[in-house]
Amino acid sequence: MGLPKKGNRQKMTFMTRIFQKAMTGRTTANGGGPSLDTMLATFDKELDNFPTLMQPAPESKPRTPFDSKNVPREKMSMANMTPKQMLSALPVMLPLMMQMRRCSKLYDGTFQPTRAEADAAFMAELESMARAAGAADIAYVKVPNNAIFRDKGVPCQYAVIFTVEMDKENMSSAPSYDAFKEVATGYKNLAVIGNKLARFMRSNGFAAYPGTALGGLTDYVYLAELAGLGAIGYHGLLITPDEGARLRINTIYTNITNLPIETENEHLWVRDFCAMCKKCVRQCPVDAIFDQPRPRGDGGMQSIDHGACRDYFNQNFGCAVCLAVCPFSQVGYDAVHERFKGNPSAPQFRIPRYGIEAARPIDDRDAELAGHG
Ligand code: SF4
Ligand code: SF4
């Protein structure tokens, strides 16, 4: 394939600048490529508006950065999109960025709650609003300190966790532009729903701070497993009955103290299946998924080499091969469960439910599993 003609090259450069400016406020002309980490850092600054925050645990891990320092800008997928791809991505990316900014503006530190207990009618309305807005699942959790990323904080101790589903056909094409756009659409939907629900909660007197969909202040995958929505697979992604691994997660931090928090998780057999499946381990293009999750030294487990994943991810439209090939994404949770007869020799990884039961040490085969950021 030859180089585009000069006129087309100029058009592409112009569109690339517009695209990058819209996405991140930075352009190649002002010295930077797209930097999600820079944008997320501006959202994090809103935390300065709070005199006190719930703090991370001393052993909390940092948020996984998105930017690849070792990959030249011209090799990043975002810098190599065709004009057609950019035009098609803008209606997703622009609202995503705007909604994320709207979410961050709710952290201005001015909201004063008037209530801290919700009745059944309010919870039913909240859930029905979430589902009508496109949420696939919704659950609740008391946020443990070790779910808060190092150097971050959250304004409230409780959280609403919700998910959105991503289209099977688009995700099956990963790594591809179509899969990238589907993921971006998932994030946009999360941000829209987060804003909508948070405003509804506030209008009823409750504190509500939506996560920013991408990035965030806490480990959403960990919180979603704690909330009982599903189990974290060897690829580090949440696996749920209705979506497999084809989902994205967001949170709303709230002061509601009587949320209907689930105390059991019936999905942890998933990791017994993982221990014999390992399809994602074999098919990861850069061998970034460990053969078996490794103890991190802080009581948690690490399933992914983030550096190796990130560099490939940024050059290949967010990759997502592990999500696409996972049997739970392909044939579905029920079909896997029906055929799976158990794996008594599988190593067990069970998340300690901080605040609900005491954490047990890792040699009791009790651990947090961490994967993608
Ligand atoms: S591909 Fe297999 S090993 Fe990997 S997360 Fe899915 S079920 Fe688990
Ligand atoms: S997203 Fe990362 S971990 Fe998953 S297959 Fe791609 S490179 Fe591997």
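Definitions and limits used
Residues numbered from 1 in each chain as written. Chains lettered and ligands numbered in written order. Predicted model: local features only at pLDDT ≥ 70, side-chain atom pairs only at ≥ 80, totals over all residues. Helix = DSSP H or I, 4+ residues; strand = E, 2+ residues; numbered from the N terminus. Buried ≥ 20, exposed ≤ 12 C-beta atoms within 10 Å, placed from the backbone. Contact = placed C-beta atoms within 7 Å. Near = placed C-beta within 6 Å. Nonpolar A, V, L, I, M, F, W, Y, C, P; charged D, E, K, R; others polar. Core = buried A, V, L, I, M, F, W, Y, C linked by C-beta atoms within 7 Å. Pairing = 2+ DSSP bridges. Axes fitted to C-alpha atoms, helices over the stretch in contact; angles between N-to-C directions. Arc of directions from axis to C-beta. Expected span 1.5 Å × (residues − 1). pLDDT = per-residue confidence, 0-100. Parallel < 35°, antiparallel > 145°, perpendicular 65-115°, else oblique. Left-handed = near helix turned anticlockwise from the far one by under 90°.

Caption draft 1: Structural view of the overall build of the protein chain. Each helix and strand counted, the protein chain has 13 helices and nine strands in total. Put simply, the protein chain has 373 residues, and 45% of those count as buried. Here the contacts in the protein chain between residues at least 6 apart in sequence split such that 78% fall between residues at least 24 apart.

Caption draft 2: Molecular detail of the site of ligand 2. Residues in contact with ligand 2 amount to 14 residues; listed here are only the nearest, Cys 284, Cys 309, Cys 319, Val 321 and Cys 322. When residues of the shell around ligand 2 are traced back to their parent elements, those giving at least two are helix H10 (306-315) and helix H11 (321-325). Looking at which element gives the most residues to the shell around ligand 2, the answer is H10, with three residues. In terms of residue class, the shell around ligand 2 is built from 13 nonpolar, one polar and no charged.

Caption draft 3: Just the nonpolar core, in detail. Residues Ile 161, Leu 223, Leu 238 and Ala 320 are the most contacted members of the largest nonpolar core, which totals 96 residues. Ranked by residue count, the leading element in this core is helix H6 (residues 177-203), at 12 residues. Here Leu 223 is in contact with Val 141, Val 143, Ala 147, Ala 159, Ile 161, Thr 218 and Thr 251, once residues within four sequence places are set aside.

Caption draft 4: Seen up close, the site of ligand 1. Close contacts around ligand 1 come from 13 residues, with Gly 233, Cys 274, Cys 277, Cys 280 and Cys 326 the closest. Considering only residue class, the shell around ligand 1 consists of nine nonpolar, two polar and two charged.

Caption draft 5: Fine view of the sheet that holds strand S2 (residues 158-165). Across the sheet, four strands lie side by side as S1-S2-S6-S3; this open sheet has antiparallel pairing. Every other strand in the sheet has two partners, leaving strand S1 (137-142) and strand S3 (208-210) as the edge strands with one partner each. Going from strand to strand, the sheet's axes swing by 25 degrees on average, the running direction of each strand aside. Sheet topology places S3 next to strand S6 (residues 247-254); three bridges connect them, and they run antiparallel. Considered in S6, the bridge of Pro 210 is made with Ile 252. In the packing of H6 onto the sheet, contacts are made with S2, S3 and S6, and the angle to S6 comes to roughly 20 degrees.

Caption draft 6: Representation of the environment of Asp 287 in the model. Looking at the element boundaries, Asp 287 is found in the loop between helix H9 (279-283) and strand S7 (289-295). Between the alpha carbons of Asp 287 and Ile 304 there is a distance of 9.0 Å; along the sequence they are 17 residues apart.

Caption draft 7: Broad picture of helix H2 (residues 36-44). Of the residues making up H2, those classed as buried are Met 39, Phe 43 and Asp 44. Taken end-on, H2 shows its buried residues confined to a sector of 150 degrees, consistent with a single buried face. In H2, the exposed positions that point more than 90 degrees away from the buried face belong to Ala 41 and Thr 42.

Caption draft 8: Layout of helix H4 (residues 120-132). With 13 residues, H4 ought to run about 18 Å at 1.5 Å a step, and its terminal C-alpha atoms sit 18 Å apart, in line with that. Note on H4: the residue one or two positions beyond its end, Gly 134, has a positive phi of about 115 degrees.

Caption draft 9: How the structure looks around the confidence of the model for the protein chain. Here the protein chain averages 87 in pLDDT, while 83% of its residues score no lower than 70. Considering only residues more than four positions removed or in separate chains, one finds that residues 353-368, a stretch of pLDDT under 50, has 31 contacts.

Caption draft 10: Here's a closer look at the pairing of S6. In terms of residue burial, S6 counts as a mostly covered element, since eight of its eight residues are buried. As paired strands, S2 and S6 are joined by eight bridges and run antiparallel to one another. Bridged to Val 160 within S6 is Ile 252.

Caption draft 11: Representation of the packing of helix H3 (residues 83-105) against H6. Where H3 contacts H6, the axes come no closer than 9 Å and their chain directions differ by 30 degrees. Overall, the two elements H3 and H6 adopt an arrangement that is roughly parallel. In this structure, H3 crosses over H6, and the sense of that crossing is left-handed. Counted together, Gln 85, Ser 88, Ala 89, Val 92, Met 93, Pro 95, Leu 96, Gln 99, Met 100, Arg 102 and Cys 103 of H3 and Tyr 177, Lys 181, Ala 184, Thr 185, Tyr 187, Lys 188, Ala 191, Val 192, Gly 194 and Asn 195 of H6 form the full contact between these two elements. Of the residues contributing to the contact of H3 with H6, the split by class is 12 nonpolar, six polar and three charged.

Caption draft 12: Representation of the packing of H4 against H6 within the structure. H6 packs onto H4 with a crossing angle of 160 degrees between their chain directions and a minimal axis gap of 10 Å. Classed by the angle they form, the pair H4 and H6 counts as roughly antiparallel. The element H4 and its partner H6 pack so that their crossing is right-handed. On H6, the residues that touch Leu 126, Met 129 and Ala 130 of H4 are Ile 193, Lys 196, Leu 197, Phe 200 and Met 201.

Caption draft 13: Unusual backbone geometry, seen in detail. Residue Pro 175 follows Ala 174 across a cis peptide bond; omega there is 0 degrees. Structurally, Pro 175 is set in the loop between helix H5 (168-172) and H6. Despite not being glycine, Asp 287 has its phi angle at roughly 50 degrees, a positive value.

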